[in-house]
Amino acid sequence: MSLYFDAVAILTAPSTGGSFKSRIYNARNLRASPAQIYALIIEASKWDRVLAEVIEKSDILSVERKLTPLLALLLVYDHLLSKKGIAAPAAHPIRQAVERHKVRLKAEFTKARVRRGCASVDQFKAAVLKEKREADGTNQFVYPRWVRVNNIRSSLDEQLRTTFADYERVDSLAALAAPDDDRSKRKLLYLDPNIPDLVAVPFGADFTSSSAYKNGEIILQDKASCFPAYLLLGDRDAKNAWQGDLVDGCAAPGNKTTHMASILAQQQKQMQQDRQWNPQKQIFSMDASKLRSKTLQKMVSLAGADPMVTVLQGQDFLALDPDDPQYENVTGLLLDPSCSGSGIVGRDDVPQLTLPRPKLVQSAKAGGKKRKRGAENHDDADELASNVTLAEPSAAPSDENDIPTGTMDNERLTKLSNLQARIVEHALSFPSATHVTYSTCSVHLIENEAVVARLLASDVARERGWRLLRREEQPDGLRRWIHRGVRRDRDPDTGAELQDDESVSALTEKDLEACLRCWSGDSEGLGGFFVAGFVRDAEASHTTLVTQSVSKSPAKSTPRTLKVEHGKENTKTKNGTGNDSEEDDDEDEEWSGFSD
Ligand SMILES: C[S@@+](CC[C@H](N)C(=O)[O-])C[C@H]1O[C@@H](n2cnc3c(N)ncnc32)[C@H](O)[C@@H]1O
């Protein structure tokens, strides 16, 4: 039985680089034989579309709560197509969960064959393979391997001279993939025009044995995932280098933390041209999950960012006290909280599996597209979405994203978006903060523009003068990015726009221009992604209403509102008399809510 659970674990584990096969053979903690696991995944992936169809039509996921879509797909493959059937004792509950439906499954499998006009299983197999190749061929053409150069340990120039020395420069993403080539073997390189220090190479290129990868000089990070740190820290030079500390509130596994550190390193090196670079602790990076925090710490160390980053392992960002003196110099915060992951697409040579959708999701308006490979376990997502404080996710994380892709109904998405909004509101309350970014790898409006609309309408945003970082204020590469915020969700299957969504009616066209979107399946070579930046104006800080916590504990605090003019606290009380008794109690409170 461990065979199926091991296969699920492999398919949902973080992508650590290397070929898919080598990852299975090098994996620890597997109980089944690597050869068996590999064969099961490869064979099942050839039939995924049919198996998904059969499982959906027989509706076993609605009744068999022990089965996740991925587990069901692997089991039903063995049940219907392998000679020996399911490799588990006959009395095993998971085997029974499938075999209870054998008549229905067989009937749906036969119908799927007949629908494709195939008289035999062999013909059926050929037709299914053709279908699969047609679907995958496009994916592999579009998605390259993105490589970010880490300025702490190296520089783009140095990497072009060394790791990429024998790579031929091409002038478009499409040129990375000439049809019928063995693209992974061709050494082609495209310098990304939007994100500094980012290059794209053909899909399948493997750097995991290169010294640059092992030493943390290069980091395999998708382009869209580079947007938030660049949006936050921008194009700065020695004259206007970033001032103040930074917080990455939802940081594991650490791509954006290490990207922030890399950008800061670049700026600081420019400032200290002739002198030795002397990195300073400037970033607080945390994750509520202790398990994922370990990966975060490893990634920070590998990137050489220890002198710049303080990792707070297992720290819930919502429990961080913005008024704690150690955060008084925090000027920028990056928030990339848990999301539905509905924008995630396969990024490496792991077989792409089209998974069955449970009935619940098939009928949900904002339900995801057919799931691609991603983390499993709906219960974790549910728990996460319904709890105020994050529970340790027990499912293996999938790269940056820790939530299963595509299995969420509207209720779950709503809970998740509530949590996302709370997290960013908390960020907006840091007394010295002037810049905040919010990002998700979701395509759903409810997690993206709708969260932005709620944040702009929140008390903390209005009182502290937060607004969106407008397109014309964004770093050059992102200002030129053409895919901006939207008012309508897209149909997950056809991509067609759905009707206007009221949740974003308060956003102006300028606001939508300020938001950045990425979509899968277009010529940009990315998955679905969203990011928006918030800033506080210098003018807003001169005459702004600031909420000051009476208590140091955010959970117990009673906010009071004070008016600030020209950088000074105005001691006028709420009723303007200066005699408000509530305020008298707080006379000794240190001033803590003041923008730049
Ligand atoms: C999308 S992932 C972050 C990916 C990361 N930014 C990167 O670029 O590598 C979301 C992370 O947020 C963490 N998280 C969710 N809620 C949190 C909270 N309240 N405080 C801290 N971390 C939280 C999850 O454990 C998860 O690791």
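Cut-offs applied
Residues numbered from 1 in each chain as written. Predicted model: local features only at pLDDT ≥ 70, side-chain atom pairs only at ≥ 80, totals over all residues. Helix = DSSP H or I, 4+ residues; strand = E, 2+ residues; numbered from the N terminus. Buried ≥ 20, exposed ≤ 12 C-beta atoms within 10 Å, placed from the backbone. Contact = placed C-beta atoms within 7 Å. Axes fitted to C-alpha atoms, helices over the stretch in contact; angles between N-to-C directions. Parallel < 35°, antiparallel > 145°, perpendicular 65-115°, else oblique. Nonpolar A, V, L, I, M, F, W, Y, C, P; charged D, E, K, R; others polar. Pairing = 2+ DSSP bridges. Right-handed = clockwise from strand over helix to strand, strands pointing away. UniProt positions renumbered as here; feature names shortened; annotations may be inferred. Near = placed C-beta within 6 Å. Expected span 1.5 Å × (residues − 1). Left-handed = near helix turned anticlockwise from the far one by under 90°. Arc of directions from axis to C-beta. pLDDT = per-residue confidence, 0-100.

1. Focus on the overall build of the chain
Part 1 of the reasoning: For the chain, the count of helices and strands is 23 helices and 18 strands.
Part 2 of the reasoning: By residue count, 47% of the 596 residues in the chain fall in the buried class.
Part 3 of the reasoning: Considering only contacts in the chain between residues 6 or more positions apart, those separated by 24 or more positions represent 76%.

2. Topic: the packing of helix α4 (residues 48–58) against helix α6 (residues 69–81)
Part 1 of the reasoning: At their nearest, the axes of α4 and α6 sit 10 Å apart, and the two run at 100° to each other. As far as their axial angle goes, α6 and α4 are roughly perpendicular. Of α6, the residues touching α4 (which contributes D48, L51, A52, V54 and I55) are A72, L73, V76 and Y77.
Part 2 of the reasoning: Among the residues making up the contact of α4 with α6, the classes are represented as 8 nonpolar, no polar and 1 charged.

3. With respect to the pairing of strand β6 (residues 245–248)
Part 1 of the reasoning: Here β6 shows a buried face lined by D245 and V247 and a second buried face lined by L246 and D248.
Part 2 of the reasoning: Of the strand pairs in this sheet, β6 and strand β9 (residues 330–335) are connected by 4 bridges, and their pairing is parallel. Residue V247 lies in a different strand from β9, and its bridge partner there is L333.
Part 3 of the reasoning: Relative to strand β7 (residues 283–287), β6 runs parallel, the two being bridged by 3 bridges. Paired with V247 across the bridge in β7 is F284.
Part 4 of the reasoning: Each parallel crossover has a hand, and the one from β6 via helix α13 (residues 255–271) to β7 is right-handed.

4. Considerations on the UniProt feature "active site" (unreviewed entry) in the chain
Part 1 of the reasoning: As annotated by UniProt and renumbered to match this structure, "active site" (unreviewed entry) occupies C441.
Part 2 of the reasoning: Within the secondary structure layout, C441 lies in the loop between β10 (435–440) and α18 (449–457).

5. Section: the site of the ligand
Part 1 of the reasoning: Close contacts around the ligand come from 25 residues, with C250, N255, A288, F317 and D336 the closest.
Part 2 of the reasoning: Mapped by element, the contributors of at least two residues to the shell around the ligand are α13 and β7.
Part 3 of the reasoning: When its residues are assigned to classes, the shell around the ligand shows 11 nonpolar, 7 polar and 7 charged.

6. Considering α6
Part 1 of the reasoning: Here α6 spans 18 Å end to end across 13 residues, near enough to the 18 Å set by a 1.5 Å rise per residue.
Part 2 of the reasoning: Looking at α6, one finds that the buried residues are P69, L70, L71, A72, L73, L74, L75, V76, Y77, D78 and H79.
Part 3 of the reasoning: Looking at the buried positions of α6, the neighbouring elements they touch are α1 (2–12), α3 (34–46), α4, α5 (60–63), α7 (93–99) and α8 (102–115).

7. Observations concerning the sheet that holds strand β2 (residues 168–169)
Part 1 of the reasoning: Read across the open sheet, the 5 strands follow the order β2-β3-β4-β1-β5; overall the sheet is mixed. Across the chains shown, the open sheet's two edge strands, defined by having one partner strand only, are β2 and β5 (218–219).
Part 2 of the reasoning: Sheet topology places β2 next to strand β3 (residues 188–191); 2 bridges connect them, and they run parallel. For E168, the partnering residue across the bridge sits in β3 and is L188.

8. Section: the environment of P337
Part 1 of the reasoning: Within the secondary structure, P337 is located in the loop between β9 and α15 (359–363).
Part 2 of the reasoning: C-beta crowding within 10 Å serves as the criterion here: with 26 such atoms nearby, P337 is assigned to the buried category.
Part 3 of the reasoning: For P337, the contacting residues outside a window of four places in its chain are C250, L419, Q420 and I423.

9. Things to note about the packing of α4 against α8
Part 1 of the reasoning: Contact pair α4 / α8: the axes reach a minimum separation of 9 Å and the direction vectors enclose 130°. Considered as vectors, α4 and α8 are oriented oblique to each other. The hand of the α4/α8 crossing is right-handed. Counted together, V50, E53, V54, K57 and S58 of α4 and R104, L105, E108, F109 and A112 of α8 form the full contact between these two elements.
Part 2 of the reasoning: Across the contact of α4 with α8, the residue classes tally to 5 nonpolar, 1 polar and 4 charged.

10. What about helix α14 (residues 290–302)?
Side chains of residues three or four places apart in an α-helix project in the same direction, reflecting 3.6 residues per turn.
Part 1 of the reasoning: In this model, α14 (13 residues) spans 19 Å end to end at C-alpha, consistent with the 18 Å of a helix rising 1.5 Å per residue.
Part 2 of the reasoning: The complete set of buried residues in α14 reads R292, S293, L296, M299 and V300. Buried residues of α14, seen end-on, are gathered within an arc of 120° and therefore sit on one face of the element.
Part 3 of the reasoning: Of the residues trailing α14, G304 is marked for its positive phi of about 75°.

11. Examining the environment of G117
Part 1 of the reasoning: Here G117 lies in the loop between α8 and α9 (121–142).
Part 2 of the reasoning: Judged by local crowding, G117 falls into the exposed class, with 9 C-beta atoms found within 10 Å.
Part 3 of the reasoning: Considered as a pair, G117 and A127 are 10 residues apart in the sequence and their alpha carbons are 9.2 Å apart.

12. Points about the confidence of the model for the chain
Part 1 of the reasoning: With 76% of its residues at a pLDDT of 70 or more, the chain shows a mean pLDDT of 79.
Part 2 of the reasoning: The low-confidence segment residues 179–184, where pLDDT is below 50, has 9 contacts with residues more than four positions distant or belonging to other chains.
Part 3 of the reasoning: Low pLDDT, under 50, characterises residues 541–596; the stretch is placed with 84 contacts to residues that sit more than four places away or in other chains.
Part 4 of the reasoning: Model confidence for the complex: the whole-complex pTM is 0.67, and ipTM, which rates the interface, is 1.00.

13. A look at unusual backbone geometry
Most peptide bonds are trans, and most residues other than glycine sit at a negative phi.
Part 1 of the reasoning: Residue P253 is bonded to the preceding A252 through a cis peptide linkage, with omega at 10°.
Part 2 of the reasoning: Relative to the assigned elements, P253 resides in the loop between β6 and α13.
Part 3 of the reasoning: Phi is positive for D59, close to 55°, though the residue is something other than glycine.
Part 4 of the reasoning: One non-glycine residue with positive phi stands out, namely D197, at about 65°.
Part 5 of the reasoning: You can see D197 is positioned in the loop between β3 and β4 (198–201).
Part 6 of the reasoning: With 23 C-beta atoms counted inside 10 Å, the residue D197 sits in the buried group.

14. Overview of the pairing of β3
Part 1 of the reasoning: Taken together, the 2 bridges between β3 and β4 define a ladder with antiparallel strand orientation. By the bridge assignment for β4, L191 is matched with V199.
Part 2 of the reasoning: Count of turn residues in the β3/β4 antiparallel hairpin: 6 residues, of which D197 carries a positive phi of about 65°.

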